[in-house]
Amino acid sequence: MNYENLSDSSVFEVLTPKSKGYDDARAVYNAMIDKRPAAIAICQSETDVVKAVNFARENDIEIAIRGGGHNGAGLALVDDGLVIDLSKMKGIAIDVAAKTAQIQSGCLLKEVDAATHEHGLALPSGIIGSTGIGGLTLGGGMGYLSRKGGLTIDNLLECKVVLASGELVTANKDSHPDLFWALRGGGGNFGVVTSFKFKLLSIKNVYAGPMFWPIEKAKEAMRFYDTLTKNSSNDLYGFFAFLMVPPAAPFPEHLWNQKVCGVVWNYTGPIEEAEKIFKPIREFGPPILDFVGEIPMPALNSMFDGLYPPGLQWYWRGHYFKELTDEAIDINIEFGNEIPNFHTTSHLYPIDGAVHDVSNRDTAWANRDARWAQVIVGVAPEPEGAEEITNWCKNFYNALTPHAMGGAYVNFMMEEGDAKVKASYKGNYERLSSIKSKYDPDNFFHINQNIRPK
Ligand SMILES: Cc1cc2nc3c(=O)[nH]c(=O)nc-3n(C[C@H](O)[C@H](O)[C@H](O)COP(=O)(O)OP(=O)(O)OC[C@H]3O[C@@H](n4cnc5c(N)ncnc54)[C@H](O)[C@@H]3O)c2cc1C
């Protein structure tokens, strides 16, 4: 295939295996992924995306879409096909009065955070700054502001999308409403989104940070956390974690490499109320580490970026939970005690509060009856550790399966097959499949957690 025909301008770059920069462009966040695309189209504009889509369709080439490259399963790449790389499309325009942001799909969360924070605004998104806005949003998007402002998709007003036909359309509640519904959770199945328009929350500083307890206290801590958050306002968020304390500052040396449990809190209510809200929390335990205090929102959203640079080995799996049963808690503690290194962890992300203000039918995202999305994250610095973290993750996941709701957050899935995708979309799968038939009948966009056309 002559990929030189694809680019007719000096700014729209197309890299092939012989090009300088090809290996950097095919590297994704998870170093376990080693795919070799035939070409990578580094798009700079909607026009470039349209050209790339048309070129691939007309020449019957498989495509993958790359935003931030964070997908655990490496779905930003395709062997021998064409990657539509959006990473250079980084425009952000904030309308401060309207509290909205137009964001191009190559932006990373930390770039969005920096731009919105300048105006005292914030978008509910994820907990690591190097994640791409594209993949995170289209899968749902959960993080420190989920209880306050819902999922990222609950703040989505509009998308510009290049369809499989090469047509560029705007999807919102009035224009292509069925497509807009499907894009809110349906992943990269329906087209290449070139930009997103979001509404923003007025949030500047928060009272937030991690708090740890000894792992021996984990059962009591999980029960305490469960009851507390059930009865708290949406201003209080905290995800529960099992981890090994990293052997580095700012953690105190006596805790290095100790297995602990903890919560990373985020309180978004009036700052003068924060000490009062945290008084009973601080009385529990007491905590062996308490880094909770007032910080700017972007500092919270990037707090763990240093621990998770690109290029580590990743294997992860996800579950949903409505309740934390005694059995589920015991399994968490068992595998929490077996965490192999200080990168590996397990998080229970709250998806109640404002996430529950929207119904399962209102968007494609079908798991609003759950209270938590769990992610079990095996991470190793070197390939030699890959087997150990994969086994730990799979065993933990399998042990929890009988206690979970079925399905998983599509953004926390590896390539786990059609049945898992269907279970994740539950009652919305049929409608998604019909919309897929309308917008992408040939399943052109299939390097993703795939929804099949009817
Ligand atoms: C360290 C880390 C932390 C994370 N934390 C969170 C978190 O806090 N909350 C959360 O919800 N998720 C989180 N995730 C999961 C994350 O949402 C997914 O990995 C997501 O796929 C990342 O998006 P991306 O653009 O970086 O991915 P990419 O790998 O670039 O893309 C993944 C897939 O998304 C689709 N896609 C991406 N951009 C577009 C687009 N513009 N148009 C159409 N399809 C597109 C494509 O199908 C593509 O295959 C995290 C992941 C990692 C690795």
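Residues numbered from 1 in each chain as written. Predicted model: local features only at pLDDT ≥ 70, side-chain atom pairs only at ≥ 80, totals over all residues. Heavy atoms only, no water.

Asker: Just give me the short version of the overall build of the chain, but keep the residues and values in it.
Answerer: Assigned secondary structure in the chain consists of 13 helices and 19 strands. Since a compact globule built from 454 residues should have a radius of gyration of about 22 Å, the 21 Å found for the chain is in line with a globular shape. With the principal axes as the frame, the chain shows a C-alpha extent of 65 × 50 × 40 Å. Looking at the chain as a whole, 61% of its 454 residues qualify as buried. Within the chain, contacts between residues at least 6 apart in sequence are counted, and of these 73% link residues at least 24 apart. Within the structure as shown, the chain displays about 17,100 Å² of accessible surface, and the carbon and sulfur contribution to it stands at 51%. Computing the positive centroid from 42 side-chain charges and the negative centroid from 55, the chain places the two 4 Å apart. (Helix = DSSP H or I, 4+ residues; strand = E, 2+ residues; numbered from the N terminus. Rg over C-alpha atoms; globule rule 2.2 N^0.38 Å. Buried < 20%, exposed > 50% of the residue type's maximum accessible area, 1.4 Å probe, protein only. Contact = heavy atoms within 4.5 Å. Areas by Shrake-Rupley, 256 points an atom, 1.4 Å probe, with all protein chains shown as cover. Lys, Arg positive; Asp, Glu negative; His and termini not counted. Charge placed at Lys NZ, Arg CZ, Asp CG, Glu CD.)

Asker: Could you give me a rundown of the sheet that holds strand 1 (residues 13–15), with the residues and numbers involved?
Answerer: Each strand in a sheet pairs with its neighbour through backbone hydrogen bonds, running either in the same direction (parallel) or in the opposite one (antiparallel). Reading across the sheet, the 4 strands line up as 1-2-4-3 and stay open at both edges, with mixed pairing between neighbours. Here the strands that pair on one side only, and so sit at the sheet edges, are strand 1 and strand 3 (63–66). For this sheet, the mean angle separating the axes of adjacent strands, direction not counted, is 20 degrees. As paired elements, strand 2 (residues 39–42) and strand 4 (residues 82–85) share 4 bridges and run parallel to each other. Across the sheet, residue isoleucine 42 finds its bridge partner in strand 4, namely aspartate 85. Strands strand 2, strand 3 and strand 4 of the sheet are contacted by helix 2 (residues 46–58), whose axis makes an angle of about 165 degrees with strand 4. (Pairing = 2+ DSSP bridges. Axes fitted to C-alpha atoms, helices over the stretch in contact; angles between N-to-C directions.)

Asker: I'd like to hear about the side chain of serine 130, residue by residue, with values.
Answerer: In this fold, serine 130 is placed in the loop between strand 7 (121–122) and helix 4 (133–139). You can call serine 130 buried: its relative accessible area is 17%. Aside from chain neighbours lying at most four places away, what touches serine 130 is Tyr29, Gly68, His70, Leu108 and Asp305.

Asker: I'd like a description of the domain arrangement of the chain, backed by residues and values.
Answerer: Looking at the chain, the domain boundaries give domain 1 (3–85), domain 2 (92–202 + 428–439) and domain 3 (206–412). Put simply, the middle of domain 1 and the middle of domain 3, counted by C-alpha atoms, are 34 Å apart. If you look at the interface, domain 1 gives 5 residues, while domain 3 gives 12 residues. Summing both partners gives a buried area of about 700 Å² for domain 1 against domain 3, and 56% of it is carried by carbon and sulfur. (Domains from an automatic or database assignment. Buried area = accessible area lost by both parts, 1.4 Å probe.)

Asker: Describe the packing of helix 10 (residues 326–336) against helix 11 (residues 386–400), naming the residues involved and giving the relevant values.
Answerer: Two numbers describe how helix 10 lies on helix 11: the axes approach to 10 Å, and their chain directions differ by 170 degrees. With respect to helix 11, the axis of helix 10 lies roughly antiparallel. The two elements helix 10 and helix 11 meet at a crossing, and its hand is right-handed. Residue-level inspection shows Ala328, Ile331, Asn332 and Phe335 of helix 10 in contact with helix 11, the latter providing Trp392, Asn395, Phe396, Ala399 and Leu400. Here the contact of helix 10 with helix 11 is composed, by residue class, of 7 nonpolar, 2 polar and no charged. (Parallel < 35°, antiparallel > 145°, perpendicular 65-115°, else oblique. Left-handed = near helix turned anticlockwise from the far one by under 90°. Nonpolar A, V, L, I, M, F, W, Y, C, P; charged D, E, K, R; others polar.)

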